[in-house]
Amino acid sequence: MKRAIFPGSFDPITLGHYDIIQRGIKLFDEVIVAIGVNSAKKYMFSLEERKKFIEDSFKDEPKVTVVTYEGLTVDFCEKHNVDFILRGLRNPADFEFEKAIAHTNRDLAPVETIFLLTAASTSYISSSIVREVIRHNGDYTLLVPDSVRV
């Protein structure tokens, strides 16, 4: 069984994330959307809200599992027998950043990172942009799945 983890903070999940997960389920038997917990980070949405947004978005998709975790992603992979890390790339800066992490992860554990390019229609969307739109009372609904309502 081919399993992949799609790690992130998902604060909140965006249409870009949604697209990567949808495409990932065509490649893997299971996609584990893993919400990382970082106590040093200030989040707009609680862990429970972020998890619910994702669960509600994929409630009819049995190949998607949503979990939370702390620590290194490769440690999660080894503990749960996951061989692949799924990552989305929006631009060259994402690639450079993600490439360094992928090399480090491969040094630490026998895990492969699979990169998917985001769809052109969502490549400009990031959680930080969504949070900024929300803070300024803009129409964020064009950037996130229907499950994200504040």
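Residues numbered from 1 in each chain as written. Predicted model: local features only at pLDDT ≥ 70, side-chain atom pairs only at ≥ 80, totals over all residues. Heavy atoms only, no water.

So, about the overall build of the protein. Along the protein, the regular secondary structure elements total five helices and five strands. Helices (α) and strands (β) of the protein occur, in sequence order from the N terminus, as β-α-β-α-β-α-β-α-β-α. The C-alpha radius of gyration computed for the protein amounts to 15 Å, which stays within 12% of the reference 15 Å derived for 150 residues, consistent with globular compactness. Taken along the three principal axes of its C-alpha coordinates, the protein extends 45 × 35 × 30 Å. Residue burial in the protein is summarised as follows: out of 150 residues, 45% are buried. Restricting the contact set of the protein to residue pairs at least 6 apart, pairs at least 24 apart contribute 76%. Put simply, the protein shows about 8300 Å² of open surface, and 53% of that area lies on carbon and sulfur atoms. (Helix = DSSP H or I, 4+ residues; strand = E, 2+ residues; numbered from the N terminus. Rg over C-alpha atoms; globule rule 2.2 N^0.38 Å. Buried < 20%, exposed > 50% of the residue type's maximum accessible area, 1.4 Å probe, protein only. Contact = heavy atoms within 4.5 Å. Areas by Shrake-Rupley, 256 points an atom, 1.4 Å probe, with all protein chains shown as cover.)

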